[in-house]
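Here is how the chains run, residue by residue.
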Amino acid sequence: MEEAERITNDGPPTADHLCVLIHGLWGNPNHLSYLASSLRDKHSEEKLHILVSKTNSNTFTYDGIDLGAERVTQEIETYIQGLEKNGSEIKKLSIVGYSLGGLVARYTIGLLYSKGWFDRIKPVNFTTFATPHLGVKTPLLGVQHTVFNFLGSRTLSTSGRQLFTIDTFRDTNRPILSVLADPRSIFMLALAQFSHRVLYANIINDRSAPYYTTSISATDPYTNLDAVSINYLPDYAPNIIDPVDPVHLKPPEIQPPFFARIASSSQSLLTSVPVFALLSVMIPVGSVVFLINSGIQQVRSQKRIRLHEEGKAGIGLGSYRIPLLVENARSAMEGAFENMNARQGQQYLPGTASDENHEAELSDKPQRNGHAEKNYQAASQTSLDLERISSRRSEFPTLALTPQQFEMVRALDQVGFRKYRVHIHAVRHTHAAIIVRNQKPSLDEGKIVVRHWLDEEFEI
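Residues numbered from 1 in each chain as written. Predicted model: local features only at pLDDT ≥ 70, side-chain atom pairs only at ≥ 80, totals over all residues. Heavy atoms only, no water.

## Describing the sheet that holds strand E4 (residues 122-129)
Taking strand neighbours across the sheet as the criterion, the six strands line up as E2-E1-E3-E4-E5-E8 in an open arrangement whose pairing is parallel. Each edge of the sheet is formed by a strand with only one pairing partner; in this case those strands are strand E2 (48-52) and strand E8 (418-422). On average, each strand axis in the sheet is inclined to that of its neighbour by 15°, with strand direction left out of account. Bridge count for strand E3 (residues 92-98) against E4 is six bridges, and the pairing is parallel. By the bridge assignment, Lys92 is partnered in E4 with Lys122. Packed on one face of the sheet, helix H2 (residues 33-42) meets strand E1 (17-22), E2, E3 and E4 and runs near 175° to E2. This element, helix H17 (residues 445-457), spans E3, E4, strand E5 (196-202) and E8 of the sheet and lies at about 165° to E5. (Pairing = 2+ DSSP bridges. Helix = DSSP H or I, 4+ residues; strand = E, 2+ residues; numbered from the N terminus. Axes fitted to C-alpha atoms, helices over the stretch in contact; angles between N-to-C directions. Contact = heavy atoms within 4.5 Å.)

Next up, the structure:
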């Protein structure tokens, strides 16, 4: 972690803005080295403190979004207190989450908000890269997808159950992701405080967190790139898609001919065969080591969680176990399973004309509320505008999401995100490329994504 440690610094007293970077599942601070070094190259130590979180490294990410966020919150508080002892007063805060780290970030800001930090520190930038905001349960029908969801949710300890939304979070009787997106929760109230809410989502080849969840969307216009016209931002083509007018179906006369579509359907059918092969052969044979290791890590994770709950893990739970819901604003598997997920096709609801589906289709309409309102009163007007847009039938069919996921889409779109869809061409592991997780030349397209974020969206 030497590179990340080098970038994390106490800085001079003149800097009053702190940016916190949070890595993802199975991750460590080195995954964020390019992101952190680019941020430092853009903004000197005299203007910005950078904290690359390290308390949830590697298998510690198995322990759950909430526990991970409590660790990160304590890490942030300790860091700020250390800066204050050296005469540096933090007045502005930015949070950046990659993959699972984006969910940890959403929980963390709720804790900071509830503890009064936002009364003294201005929340400025909230950014996620390839974060599964709706979880990773595949929006699919059929036996193979049911098996995938079943196995995936049981190999990553608490985090796995939370990502597949089969958990019951504390006394809410709901999954944690549903609570995170509840408009009455401290998490959504905290999110609404940020001046800039931005997400970056891969449109193809993200084997860990597919498009629908990273873009908070109930439709996926990018399943057949031959059938659509994509509009790119001129200075960032062909990687960053225009958030206002992202994609359109091509006119019928230039869509692939009938026999080409039949061939494409046949190819989709053929690609499902390896999934069955993987389920019937590779998991019991080739993935034995992975599954055994998952079992070992789950045991270790549960031990850490138990120590945490007993207050023996160095964190005082009284500071973080606070009311999660309020009545108003101020009152109370990366290897084997990535490959499986990459081969999943997508299935859709029988029709897209119902009111429930219309509400969920908003997220692939033009997004004009990017640097969105700071509170729910202003966001309500944006919601009304989006409802009018949604009265038209979507060009693209609605994915077979769960009712909870549809509700998450509606609530998160209401608070408002600027959504940047990312088209990475050169590599079939775009989840790593979007932030240049390592220095392989094949991931270089991600440098354009980072440049766009720093030049166009990050406010110092």
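That was the structure; now back to the text.
## Brief notes about the confidence of the model for the protein chain
Scored by pLDDT, the protein chain comes out at a mean of 79, with 64% of its residues at no less than 70. Note that residues 327-334 has pLDDT below 50 and, in this model, 23 contacts with residues that lie over four places away or in other chains. Note on residues 352-393: pLDDT under 50 across the span, and 94 contacts to partners over four residues away in sequence or across chains. (pLDDT = per-residue confidence, 0-100.)

## Some words on unusual backbone geometry
Each neighbour pair has its own omega, and for Ala237 with Pro238 the value is 0°, a cis peptide bond. Considering the arrangement of structural elements, one finds Pro238 in the loop between strand E6 (228-230) and strand E7 (247-249). Of note, Trp26 is a non-glycine position whose phi angle comes to about 65°, a positive value. In this structure, Arg170 is a non-glycine residue whose phi angle is positive, near 50°. Along the chain, Arg170 turns up in the loop between helix H6 (157-163) and helix H7 (176-180).

## A few points about helix H15 (residues 403-415)
A rise of 1.5 Å per residue sets the reference length of H15, with its 13 residues, at 18 Å; its end C-alpha atoms lie 19 Å apart and thus fit the reference within 8%. Looking one or two residues beyond H15, the residue adopting positive phi is Gly416, at roughly 100°. (Expected span 1.5 Å × (residues − 1).)

## Focus: H2
For H2, a buried count of eight out of ten residues is recorded, marking the element as mostly surrounded by other parts of the structure. All buried positions along H2 are accounted for by Ser33, Tyr34, Leu35, Ala36, Ser37, Ser38, Leu39 and Arg40. (Buried < 20%, exposed > 50% of the residue type's maximum accessible area, 1.4 Å probe, protein only.)

## Remarks on the packing of aromatic side chains
Per the stated rule, a full pass over the model turns up ten aromatic pairs. When the centroid spacing of 6.3 Å and the interplanar angle of 70° are considered together, the rings of Tyr113 and Phe118 count as edge-to-face. The exposure classification of Tyr113 matches that of Phe118, with both residues buried. Taken together, a centroid distance of 5.6 Å and an interplanar angle of 85° make the contact between Phe129 and Trp453 edge-to-face. Neither residue differs from the other here; Phe129 and Trp453 are each classed as buried. One aromatic cluster in this structure is built from Phe129, Tyr200, Tyr420, Trp453 and Phe458. (Phe/Tyr/Trp six-rings, centres within 6.5 Å; stacked < 30°, edge-to-face > 60°.)

## A word on the pattern of salt bridges
In total, this model carries eleven salt bridges according to the counting rule given. Among the salt bridges present, the one from Asp66 reaches Arg170, with a minimum N-O distance of 3.6 Å. Of this pair, Asp66 sits in helix H3 (residues 65-85) while Arg170 sits in the loop between H6 and H7, and the two are 104 residues apart along the sequence. Of the residues examined, Asp66 reaches a relative accessible area of 10% and is grouped as buried. Taking relative accessible area as the criterion, Arg170 reaches 31% and is therefore assigned partly exposed. The residue Asp444 makes a salt bridge to Lys447 at a minimum N-O spacing of 3.4 Å. Judged by its relative accessible area of 33%, Asp444 is partly exposed. Here Lys447 falls in the partly exposed class, since its relative accessible area comes to 29%. (Salt bridge = Lys/Arg side-chain N within 4 Å of Asp/Glu carboxyl O.)

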